[in-house]
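Inside the fold
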Amino acid sequence: MSRSRLITALDVKSPAEMKTLVDTLGESVSFYKVGMELFYSAGTLPLDYLKTHKKHVFLDLKLHDIPNTVAQAVAALTRLGADLISVHTQGGREMMQAAARSAAITAAELGIERPRLVGITALTSFSETGWEEIGGTVPIVTHVEKLALLAQAAGLDGVVCSPQEAARLRALLGPDFLLVTPGIRPAFASLDDQERIMTPKDALAAGSSYLVIGRPITKADDPKAAAQTIIAEMEESK
């Protein structure tokens with residue numbers, strides 16, 4: 001079902017804003033992303049609220065540190081009930097392997113389903129010019145492919161990538177590897193600060209597993225209507 005493949009980004013500043021938005025969207029949305037802005041300001045409250053309301057949670061904190069530190073962080077986030085957790089692929093093979101082991105061990109100890117781990121490749125705000133400015137010596141897509149292969153070899157469940165890279169990664173990594181794609185802009189929305197973007201219909205056709213969409217929903221005059229319009233666009237990819 002297309003509805004289950006939509007992850008709405010809760011890029012809001014307070015628990016009160018989050019509750020209002022989740023209540024407004026109701027059954028239209030079943031999966032939410034809690035990122036740095038909300039988690040750092042509200043702590044675990046958003047996860048508690050979302051899990052109480054039977055929602056799935058993508059905890060997008062982009063973990064990046066030495067292997068032991070990331071492993072301990074993943075264990076803590078697994079205990080909080082996150083369904084999907086992001087780590088940075090540029091932390092390297094050992095860090096990603098430690099994260100995957102920690103998620104599996106912690107979930108087994110608790111008797112719960114293991115959260116899936118996805119690796120951040122290159123942020124969708126990067127243009128090729130911006131990429132070169134930070135030392136990129138190969139095209140973004142080439143770098144993303146290399147990191148995605150490393151993530152798969154290290155035991156992650158998928159990666160976060162631009163929808164523009166989805167088709168190549170799907171062909172390279174097979175049908176079961178998760179491709180979580182932000183940078184989705186439906187026909188009615190502005191581009192904001194995103195560079196490597198695609199419509200919901202085209203992203204799913206390219207091989208995206210989940211679409212992460214924030215401002216086109218959260219900043220809309222009618223968030224529920226915006227979400228339903230996006231889901232309708234997603235249905236067109238079938």
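Residues numbered from 1 in each chain as written. Predicted model: local features only at pLDDT ≥ 70, side-chain atom pairs only at ≥ 80, totals over all residues. Heavy atoms only, no water.

As named in an unreviewed UniProt entry, the chain is Orotidine 5'-phosphate decarboxylase, taken from Negativicoccus succinicivorans. UniProt, in the comment section headed Pathway (unreviewed entry), describes the chain in these words: "Pyrimidine metabolism; UMP biosynthesis via de novo pathway; UMP from orotate: step 2/2." In its Function (unreviewed entry) section, UniProt records this for the chain: "Catalyzes the decarboxylation of orotidine 5'-monophosphate (OMP) to uridine 5'-monophosphate (UMP)." (UniProt positions renumbered as here; feature names shortened; annotations may be inferred.)

Focus on the overall build of the chain
In terms of helices and strands, the chain carries eleven helices and eight strands. Since a compact globule built from 238 residues should have a radius of gyration of about 18 Å, the 17 Å found for the chain is in line with a globular shape. Principal axes of the C-alpha set define a box for the chain whose edges measure 45 × 40 × 35 Å. Taking all contacts inside the chain whose residues are at least 6 apart in sequence as the whole, residues at least 24 apart take part in 69%. Charge centroids of the chain, computed over 24 positive and 28 negative side chains, lie 4 Å from each other. (Helix = DSSP H or I, 4+ residues; strand = E, 2+ residues; numbered from the N terminus. Rg over C-alpha atoms; globule rule 2.2 N^0.38 Å. Contact = heavy atoms within 4.5 Å. Lys, Arg positive; Asp, Glu negative; His and termini not counted. Charge placed at Lys NZ, Arg CZ, Asp CG, Glu CD.)

Remarks on unusual backbone geometry
Its identity as a non-glycine residue notwithstanding, lysine 54 has a phi of 60°, on the positive side. Its place among the elements puts lysine 54 in the loop between helix 3 (45–52) and strand 3 (56–63). Positive phi, normally seen in glycine, also occurs at lysine 62, with a value near 50°. Within the element layout of this structure, lysine 62 appears in strand 3.

Things to note about the UniProt feature "active site" (unreviewed entry) in the chain
In the numbering used here, UniProt assigns the "active site" (unreviewed entry) feature to Asp60, Lys62 and Asp65. The topology assignment puts aspartate 60 in strand 3. Note on aspartate 60: relative accessible area 6%, which makes it buried. A distance of 2.8 Å separates polar atoms of two side chains, one belonging to aspartate 60 and the other to lysine 62. Ignoring anything within four residues of it in the chain, the contact list for aspartate 65 reads Val70 and Met95. (Buried < 20%, exposed > 50% of the residue type's maximum accessible area, 1.4 Å probe, protein only. Polar contact = N/O pair within 3.5 Å; in protein donor to acceptor, adjacent residues only side chain to side chain.)

Re the sheet that holds strand 7 (residues 178–181)
Read around the closed barrel, the eight strands follow the order 1-2-3-4-5-6-7-8; overall the barrel is parallel. On average, each strand axis in the sheet is inclined to that of its neighbour by 25°, with strand direction left out of account. Packing against the sheet, helix 5 (residues 93–110) makes contact with strand 3, strand 4 (84–88) and strand 5 (116–120), and its axis sits at approximately 160° to strand 4. (Pairing = 2+ DSSP bridges. Axes fitted to C-alpha atoms, helices over the stretch in contact; angles between N-to-C directions.)

A closer look at the packing of helix 7 (residues 140–154) against helix 8 (residues 166–173)
In contact at an axis separation of 11 Å, helix 7 and helix 8 are set at 35° when each is read in the N-to-C sense. Between helix 7 and helix 8 the crossing geometry is right-handed. Across from Val141, Val144, Glu145, Ala148, Leu149 and Gln152 in helix 7, the residues of helix 8 making contact are Arg168, Leu169, Leu172 and Leu173. Considered class by class, the residues forming the contact of helix 7 with helix 8 number seven nonpolar, one polar and two charged. (Left-handed = near helix turned anticlockwise from the far one by under 90°. Nonpolar A, V, L, I, M, F, W, Y, C, P; charged D, E, K, R; others polar.)

Some remarks on the pairing of strand 4
For strand 4, the tally of buried residues reaches five of five residues, placing the bulk of the element in the interior. Along strand 4, one buried face is formed by Leu84, Ser86 and His88 and the opposite face, lined by Ile85 and Val87, is buried too. Note: strand 3 against strand 4, three bridges, orientation parallel. Across the sheet, phenylalanine 58 pairs through a bridge with leucine 84, a residue of strand 4. Once you follow strand 3 into helix 4 (residues 67–79) and on to strand 4, the crossover reads as right-handed. With five bridges connecting them, strand 4 and strand 5 associate as parallel partners. Residue pairing for strand 5: serine 86 is matched across the bridge by valine 118. For the handedness criterion, the β-α-β arrangement of strand 4, helix 5 and strand 5 is classed as right-handed. (Right-handed = clockwise from strand over helix to strand, strands pointing away.)

Let's talk about helix 4
Between its first and last C-alpha, helix 4 extends 19 Å over 13 residues, near the 18 Å set by a 1.5 Å rise per residue. Among all positions in helix 4, only Val70, Ala71, Val74, Ala75, Leu77 and Thr78 are buried. Angular distribution of buried residues about the axis of helix 4 spans 170°; they occupy a single face of the element. Helix 4 presents Asn68 and Arg79 as exposed residues on the side facing more than 90 degrees away from its buried surface. Residues of helix 4 that are buried make contact with helix 2 (36–42), strand 3, strand 4, helix 5 and strand 5. (Expected span 1.5 Å × (residues − 1). Arc of directions from axis to C-beta.)

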